[in-house]
Amino acid sequence: MTKFSDLNLDPLVLKAVAEAGYETPTPIQAQAIPHALEGRDVLGIAQTGTGKTASFTLPMITLLSKGRARARMPRSLVLAPTRELAAQVAENFDTYAKHTKLTKALLIGGVSFKEQDLLIDRGVDVLIATPGRLLDHFERGKLLLTGVQIMVVDEADRMLDMGFIPDIERIFQLTPFTRQTLFFSATMAPEIERITNTFLTNPAKIEVARQATTSETIEQRLVAFAPSRRDRAFGEKRAMLRALITAEGEGCTNAIIFCNRKMDVDVVAKSLKAHGFNAAPIHGDLDQSQRMRTLDDFREGTLRLLVASDVAARGLDIPAVSHVFNFDVPSHSEDYVHRIGRTGRAGRKGVAVTIATPADDKYLGQIEALIKREIPRAPVPEITFDDRPDRGDRPARGRHGDRDRDRDRPARGERSDRRTAPRTEPQQQPVAAPAPAPQPAAEDTPRPPRRDDRRRDSRHDRDDTPVVGMGDHMPEFLTRSFARPAAVNAEPDTETAAG
DNA sequence: AAAAAAT
């Protein structure tokens, strides 16, 4: 079997590799490194977790170790789709280039230009960047790409998803025709194929088997439940999530909780914290410094629950996550594979729990088609709903609220799915309550001012007024006409046609 | 129904 020492790498690189504890290259490393060292273009079809990063950093350091950088003219360039990924590549360089004198700069958005400018001015051997910030520097005239000898594109298919391909093409055109190109993508979409045909010269094509999508080390579960009411789905899912985390007990050492929307990431993280869980959010709208800090805390173990958007689904190197929770079913089936792939790594056992509502059926079908198996259905935990501090600025649901609901929905207790249906209110409340004393109309009940009007779910669920279906009581707002003020209706015909 | 990345 090949060892790193057989690969013709610079002795100083080999030393650092050995110190990092590696002896045997992964398949992509064993195949890509010799070609890269020969100066050939490489087209690597491989996913995260295959050792892709080292397959280009090690030969790059070796090739660059001779020669020195000139001011504003980096000798090599690595492009990554997200800031975290770029930062990760930079860390990799630090690890493996530590015995060399190579310099590097990390050019990503969300941080000040000043330090980056300073480094570029001094001259760097390796420039690691996200496309937007790189072009920004270029346009400000601070950067010349005509000295680039080696260019790496990492996670090209993700760049495509994110609309970066035009930027990538432009950057390619700013670098010399004679450069060496190392290009990595998990898939070969037609657009990716076109780019590689245009910008790579006779590349060595290396394909590494995709990680088993449903690796045996990941135990997948599906928690399928129907929210008691559409507008309660969000709150009930939060309660469900808490119950699921709690049920895992100590076995859940750390977990990533994925939501589909950034806003939900924030609310879920806040809600978990309010319930005493050690949780923090990460998504693209947060400060870069905060994103980094949160990731560091999570890696170090001081943070147990990372609530994330799909920014964290791919690429990020987060070792040893015991659990992944999908608070939302991802709407791209590929993302499901990426998300659950954050657990069960390196032979360790992992658990991936997905919360699904009937609205997710379509996406669930696509996911199960992709992974070619059904996700085993797990029992739905019972949830109680009236202990939410994130709604704690309102009086706890009073007995009359529950009683009213019981009265309004006499069929509830008879539902056949009662055992598995989530409880949305404590059913042990005295059902045989005394005859309703005349209650003040909800509108007259003095209520403390609500601070959470911004909250997405408060809009629907504003008070304890019972919902009476559409039977004998119709909420006033529904009786209002849908007609808009005449002034707005300049073209009434096109308006209806558009709907 | 979305997320990511330049300000």
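Residues numbered from 1 in each chain as written. Chains lettered and ligands numbered in written order. Predicted model: local features only at pLDDT ≥ 70, side-chain atom pairs only at ≥ 80, totals over all residues. Heavy atoms only, no water.

**With respect to the overall build of chain A**
Helices and strands together make up the secondary structure of chain A, namely 17 helices and 13 strands. Within chain A, buried positions represent 48% of all 499 residues. Across chain A, every contact between residues at least 6 apart in sequence was considered, and the portion connecting residues at least 24 apart equals 76%. Surface summary for chain A: the accessible area is close to 24,700 Å², and the carbon and sulfur share equals 52%. (Helix = DSSP H or I, 4+ residues; strand = E, 2+ residues; numbered from the N terminus. Buried < 20%, exposed > 50% of the residue type's maximum accessible area, 1.4 Å probe, protein only. Contact = heavy atoms within 4.5 Å. Areas by Shrake-Rupley, 256 points an atom, 1.4 Å probe, with all protein chains shown as cover.)

**Examining the sheet that holds strand 13 (residues 350-356)**
Reading across from one edge, 8-13-12-9-11-10 is the order of the 6 strands in this open sheet, with parallel pairing throughout. The two strands at the open ends of the sheet, each matched to only one other strand, are strand 8 (218-224) and strand 10 (279-282). Each neighbouring strand pair of the sheet contributes to a mean axis angle of 20°, computed without reference to strand direction. Helix-sheet contacts for helix 13 (residues 333-340) involve strand 8, strand 9 (255-258), strand 12 (323-326) and strand 13, and the interaxial angle to strand 12 is about 150°. (Pairing = 2+ DSSP bridges. Axes fitted to C-alpha atoms, helices over the stretch in contact; angles between N-to-C directions.)

**Section: the packing of helix 6 (residues 131-139) against helix 8 (residues 165-174)**
It is the contact of helix 6 with helix 8, at a shortest axis distance of 10 Å, that shows an interaxial angle of 45°. Taken as axis vectors, helix 6 and helix 8 run oblique relative to one another. Crossing handedness for the pair helix 6 and helix 8: left-handed. Together, Pro131, Leu134, Leu135, Phe138 and Glu139 of helix 6 and Asp167, Ile168, Arg170, Ile171 and Leu174 of helix 8 make up the contact between the two elements. Of the residues contributing to the contact of helix 6 with helix 8, the split by class is 7 nonpolar, no polar and 3 charged. (Parallel < 35°, antiparallel > 145°, perpendicular 65-115°, else oblique. Left-handed = near helix turned anticlockwise from the far one by under 90°. Nonpolar A, V, L, I, M, F, W, Y, C, P; charged D, E, K, R; others polar.)

**Quick look at helix 9 (residues 190-199)**
For helix 9, the set of buried residues is Ile192, Ile195, Thr196 and Phe199. When helix 9 is viewed along its axis, its buried side chains cluster within an angular range of 95° and face the same direction. For helix 9, the exposed residues lying more than 90 degrees away from the buried face are Pro190, Asn197 and Thr198. Packing partners of the buried residues in helix 9 comprise strand 1 (42-45), helix 7 (156-161), helix 8 and strand 6 (180-185). (Arc of directions from axis to C-beta.)

**Notes on the protein's contact with DNA strand B**
Around DNA strand B sit 23 residues in total, of which Thr130, Arg133, Lys262, Gly284 and Tyr363 are the nearest. One nitrogen or oxygen atom from the main chain of Gly284 is found 2.3 Å from a phosphate oxygen belonging to DNA strand B. Here Arg291 contributes a side-chain N or O atom positioned 2.6 Å from a phosphate oxygen of DNA strand B. If one sorts the elements of the surface near DNA strand B by residue count, helix 6 sits on top with 4 residues. Of the residues that constitute the surface near DNA strand B, the class distribution is 5 nonpolar, 9 polar and 9 charged. (Near = heavy atom within 4 Å. Polar contact = N/O pair within 3.5 Å; in protein donor to acceptor, adjacent residues only side chain to side chain.)

**Describing the UniProt feature "domain: DEAD-box RNA helicase Q" (unreviewed entry) in chain A**
In the numbering adopted here, UniProt assigns the feature "domain: DEAD-box RNA helicase Q" (unreviewed entry) to residues 2-30. With 45% helix and 0% strand, residues 2-30 has end C-alpha atoms that lie 7 Å from one another. (UniProt positions renumbered as here; feature names shortened; annotations may be inferred.)

**Some details on the packing of helix 4 (residues 83-96) against helix 12 (residues 288-300)**
In the contact formed by helix 4 and helix 12, the axes pass within 11 Å of each other and the chain directions differ by 60°. Relative to helix 12, helix 4 is oriented oblique. Every pair of crossing elements has a handedness; the one defined by helix 4 and helix 12 is right-handed. Between helix 4, through Arg83, Glu84, Ala87 and Gln88, and helix 12, the contact on the second element is made entirely by Gln288, Arg291, Met292, Leu295 and Arg299. Broken down by class, the residue content of the contact of helix 4 with helix 12 amounts to 3 nonpolar, 2 polar and 4 charged.

**Examining the nonpolar core**
It is characteristic of soluble globular proteins that their nonpolar side chains tend to be buried jointly. In this structure, Leu58, Met60 and Leu182 are the most contacted members of the largest nonpolar core, which totals 38 residues. Mapped onto this core, the elements with two or more residues apiece are helix 1 (11-19), helix 2 (27-37), helix 3 (52-64), helix 4, strand 4 (126-129), strand 5 (150-153) and strand 6. Residues in contact with Leu58, not counting those within four places in the same chain, are Phe4, Leu9, Val13, Val17, Ile33 and Tyr96. Ala243, Val268, Ile355 and Val380 belong to the second largest nonpolar core, which has 30 residues in total. (Core = buried A, V, L, I, M, F, W, Y, C linked by side-chain atoms within 4.5 Å.)

**A closer look at the packing of aromatic side chains**
Overall, the coordinates contain 3 aromatic pairs when judged by the stated rule. Measuring from ring centre to ring centre gives 4.4 Å for Phe172 and Phe199, while their planes differ by 5°; the resulting arrangement is stacked. Placement of the pair is Phe172 in helix 8 and Phe199 in helix 9, with a sequence separation of 27 residues. Phe172 sits in the buried class, given a relative accessible area of 1%. (Phe/Tyr/Trp six-rings, centres within 6.5 Å; stacked < 30°, edge-to-face > 60°.)

**Some details on the sheet that holds strand 1**
Reading across the sheet, the 7 strands line up as 3-4-2-5-6-1-7 and stay open at both edges, with parallel pairing between neighbours. Two strands lie at the open edges of the sheet, namely strand 3 (104-107) and strand 7 (204-207), each paired on one side alone. Each strand axis lies, on average, 10° off the axis of its neighbour in the sheet, ignoring direction. As defined by bridge partners, strand 1 adjoins strand 6 across 4 bridges and the pair is classed as parallel. The residue bridging Val42 from the neighbouring strand is Leu182, located in strand 6.

**Examining the side chain of Arg133**
Relative to the helices and strands, Arg133 is located in helix 6. In terms of polar contacts, Arg133 uses its side chain to reach the side chain of Gln116, at 3.1 Å. The residues contacting Arg133, other than those within four sequence positions of it, are Leu107, Ile108, Gly109, Gly110, Val111, Ser112, Phe113 and Gln116.

**A few points about the environment of Ile375**
Turning to its location among the elements, Ile375 is positioned in the loop between helix 14 (361-371) and helix 15 (399-408). Since its relative accessible area comes to 0%, Ile375 is described here as buried. With 155 residues separating them along the chain, Ile375 and Gln220 place their C-alpha atoms 6.1 Å apart. Leave out the neighbours within four places in its chain, and Ile375 touches Gln220, Arg221, Leu222, Tyr336, Leu364, Ile367 and Glu368.

**A closer look at the environment of Arg221**
Note that Arg221 resides in strand 8. Judged by relative accessible area, Arg221 falls into the buried class, the value being 19%. With 157 residues separating them along the chain, Arg221 and Ala378 place their C-alpha atoms 5.7 Å apart. Setting aside anything within four residues of it in sequence, one finds Arg221 in contact with Glu248, Val351, Ala352, Val353, Thr354, Ile375, Pro376 and Ala378. A distance of 2.8 Å separates a polar atom in the side chain of Arg221 from a polar atom in the side chain of Glu248.

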